[in-house]
Amino acid sequence: MPPQTVPPPSPSSAAPAPSAEAGSEALPRIVPVRRTGRWTAAVAVLVLLGLALDSVVRNDAFQWDVVLSYFATVPVLRGLWLTLWLTAVVMVLGFALGALLAVLRLSGNPVLQAVSWGYVWLFRSTPILVQLLFWFNIGALYPQILGVSTTRLLGPVAVAVVGLTLHEAAYAAEVVRGGILSVERGQVEAAQSLGLGPWRRFRRIVLPQAMRSIVPPAGNMLIGTLKGTSIVSIIAVQDLLYSVQLVYHRTYQVIPLLLVATVWYAAVTTLLSIGQRYVERYYARGTAGAR
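Calculation criteria
- Residues take numbers from 1 onward in each chain, read along the sequence in its written order.
- In keeping with the model being predicted, local features are shown solely for residues with a pLDDT of at least 70 and side-chain atom pairs are shown and tallied solely at 80 or more, while totals for entire chains, interfaces and linings include all residues.
- Each side-chain value is worked out from all heavy atoms of the structure, with water and hydrogens disregarded.
- Runs of H or I in DSSP of at least four residues are treated as helices and runs of E of at least two as strands, each being numbered from the N terminus.
- When accessible area is computed with a 1.4 Å probe and restricted to protein chains, residues below 20% of their type maximum are described as buried, those above 50% as exposed, and intermediate ones as partly exposed.
- Contacts are assigned to residue pairs with any non-hydrogen atoms lying within 4.5 Å of each other.
- Throughout, the Shrake-Rupley method with a 1.4 Å probe supplies accessible areas, and for residues the shown protein chains are the sole cover considered.
- UniProt positions are given in the numbering used here, feature names are shortened, and annotations may be inferred rather than shown by experiment.
- Working definition: rings of Phe, Tyr and Trp (its six-membered ring) pair if their centres are within 6.5 Å, and the pair is stacked with planes under 30 degrees apart, edge-to-face with planes over 60 apart, and tilted otherwise.
- The pLDDT score gives, residue by residue, the confidence of the prediction method on a 0 to 100 scale.
- Our arc is simply the arc of the directions from the helix axis toward the C-beta atoms.
- To count toward a patch, a residue needs a relative accessible area over 30% and no salt bridge; like charges are then connected within 9 Å, while nonpolar side chains (Val, Leu, Ile, Met, Phe, Trp, Tyr) are connected within 5 Å.
- One side-chain nitrogen of Lys or Arg within 4 Å of one carboxyl oxygen of Asp or Glu is enough to make a salt bridge.
- Nonpolar cores are built from buried Ala, Val, Leu, Ile, Met, Phe, Trp, Tyr and Cys residues. Side-chain atoms within 4.5 Å join them into one set.
- Axes, fitted as lines to C-alpha atoms, cover a helix only where it is in contact. Angles between the N-to-C directions of the axes lie from 0 to 180 degrees.
- Put simply, angles under 35 degrees are roughly parallel, angles over 145 are roughly antiparallel, angles from 65 to 115 are roughly perpendicular, and the rest are oblique.
- Note on convention: near helix rotated counterclockwise from far helix by under a right angle means a left-handed crossing. Clockwise means right-handed.
- The nonpolar class holds Ala, Val, Leu, Ile, Met, Phe, Trp, Tyr, Cys and Pro. Asp, Glu, Lys and Arg form the charged class, and all remaining residues, Gly among them, are polar.

Things to note about the overall build of the protein
- Tallying secondary structure elements over the protein gives twelve helices and two strands in all.
- Along the chain direction, N to C, the helices and strands of the protein fall in the order α-α-α-α-α-α-β-β-α-α-α-α-α-α.
- Buried positions account for 30% of the 291 residues belonging to the protein.
- Excluding contacts between residues fewer than 6 apart, the proportion of contacts in the protein whose partners are at least 24 apart in sequence is 74%.
- Of the roughly 19,100 Å² that the protein leaves accessible, carbon and sulfur atoms contribute 67%.

Take a look at the structure:
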């Protein structure tokens, strides 16, 4: 019996081709997201900022002409220099002592660990103002140290350096300890297997990696120390704040002189923040944080 052939389907029996209108209805239409709330909030914030700026600029009570006249005077610049000097000295000495305390805390000696922990606990538990006043009146406890009168040995500036340094060292110790602990243990073990000594391991392996975790909080501490030095005015150290206080106690122009100090603090803080950003990028090279 010969094979039967199936005739091809006629055009009328074939499935109808999808029309252009049907295809357009099948695909979803892309609608851009309307961020009405975001733009409304942005406009409202800009309007409020504009009103606030306008009120500051046009308010005669701020006395901007007086601010400009005292901004670069000799007493103000002398107080600014003492503030910057005090900040630098306290940060260097504070981190040197803090690094030593961190090493003691991480050592295997329980006595050294306890001493380091006790130091950090004590100086973080008492306000900096109390510490400064205590050191300022240390002569009541120890009239002489090594045969030298305490009042001659510890003047107001020396008291400010000692008090702020001891206070900052407690916080620097925790910053350095956290940075060291952030380095993976395997890195140290690999350095030991290569025969590197303890100092070379710390300097070449641990410290460069720990700086990635140390620099951000250290930058915050630097800015905090800069602003925190204003507290030394309580013991008559002629820093920036005390210098403008001397002026407005004489002229009774309190607001303009406080604005002078505010602008100087803001300017120096901005420069320090920019420097911190570049230091962070330097130590974050080769990592995801390098931006």
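Comments concerning the UniProt feature "transmembrane region" (unreviewed entry) in the protein
- The UniProt entry lists residues 39-59, 79-104, 116-138, 221-242 and 254-275 under the feature "transmembrane region" (unreviewed entry), expressed in the numbering used here.
- Secondary structure within residues 221-242 divides into 50% helix and 0% strand; the distance between the first and last C-alpha atoms comes to 22 Å.

Overview of the packing of aromatic side chains
- Considering all chains together, one arrives at six aromatic pairs under this definition.
- Judged by centre distance (5.8 Å) and plane angle (85°), the ring pair of Phe 134 and Trp 135 falls under edge-to-face.
- Among the residues examined, Phe 134 registers a relative accessible area of 44% and is labelled partly exposed.
- For the ring pair Tyr 282 and Tyr 283, a centre distance of 5.0 Å and an interplane angle of 85° mean the geometry is edge-to-face.
- A relative accessible area of 27% means that Tyr 283 is categorised as partly exposed.

Observations regarding the confidence of the model for the protein
- Mean pLDDT over the protein stands at 84; residues scoring 70 or higher make up 88%.
- The weakest mean pLDDT in the protein belongs to helix α1 (residues 20-26) at 55; the strongest belongs to helix α5 (residues 110-125) at 94.

As for the side chain of Gln 276
- As for its position among the elements, Gln 276 is in helix α12 (residues 254-283).
- Among all residues touching Gln 276, those that are not within four sequence positions of it are Val 215, Pro 216, Gly 219, Asn 220 and Ile 223.

Side note on helix α6 (residues 128-136)
- Among all positions of α6, only Ile 128, Gln 131 and Leu 132 are buried. One side of α6 carries all its buried residues, which in axial view fall inside an arc of 100°.
- Each element contacted by the buried residues of α6 is listed here: α5 and α8 (156-181).

A word on a nonpolar patch on the surface
- Together, Phe 134, Leu 141, Tyr 142, Ile 145, Leu 146, Val 148 and Leu 153 line one region of the surface with nonpolar side chains, adding up to about 730 Å² of accessible area.
- By the element assignment, Tyr 142 lies in the loop between α6 and β1 (144-145).

Re the pattern of salt bridges
- Summed over all chains, the structure comprises three salt bridges.
- Among the salt bridges present, the one from Arg 58 reaches Asp 54, with a minimum N-O distance of 3.7 Å. Remark: Asp 54 and Arg 58 occur in helix α2 (residues 36-58); sequence separation between them is four residues, near one turn of the helix.
- Look at Arg 58 and you get exposed, because its relative accessible area is 63%.
- Residue Glu 174 is joined to Arg 177 by a salt bridge in which the shortest nitrogen-to-oxygen separation is 3.0 Å.

Digging into the nonpolar core
- Core analysis: the largest hydrophobic core is formed by 18 residues, its most contacted members being Leu 240, Val 244 and Val 260.
- In this view, Leu 240 contacts Val 76, Gly 79, Leu 80, Thr 83, Ala 261, Trp 264 and Tyr 265; residues no more than four positions away in its chain are not counted.
- Ranked by size, the runner-up nonpolar core spans 15 residues in total, among them Ala 102, Val 183, Val 215 and Met 221.

Regarding the environment of Leu 196
- Following the sequence through the fold, Leu 196 ends up in the loop between α9 (185-193) and α10 (198-228).
- When its relative accessible area of 18% is taken as the criterion, Leu 196 is described as buried.
- If we ignore the near neighbours within four places in the chain, the residues touching Leu 196 are Ala 191, Arg 201 and Ile 205.

Overview of the packing of helix α4 (residues 74-106) against helix α11 (residues 240-251)
- Two elements in contact, α4 and α11, have axes separated by 7 Å at closest approach and are oriented at 160°. As summarised for this structure, α4 and α11 are arranged roughly antiparallel, according to the angle between their axes. The handedness of the crossing between α4 and α11 is right-handed. Residue-level inspection shows Pro 75, Val 76, Gly 79, Leu 80 and Thr 83 of α4 in contact with α11, the latter providing Leu 240, Ser 243 and Val 244.

Side note on the packing of α8 against α10
- Where α8 meets α10, the axes come as close as 8 Å, and the angle between the chain directions of the two elements is 140°. When the axes of α8 and α10 are compared, the crossing they make is right-handed. Facing α8, whose interface residues are Glu 168, Tyr 171, Ala 172, Val 175, Val 176, Gly 179 and Ile 180, α10 presents Phe 202, Val 206, Ala 210, Ser 213, Ile 214, Pro 217, Ala 218, Met 221 and Thr 225.
- Of the residues contributing to the contact of α8 with α10, the split by class is twelve nonpolar, three polar and one charged.

A look at unusual backbone geometry
- Its identity as a non-glycine residue notwithstanding, Gln 63 has a phi of 55°, on the positive side.
- By secondary structure assignment, the location of Gln 63 is in the loop between α2 and α3 (64-70).

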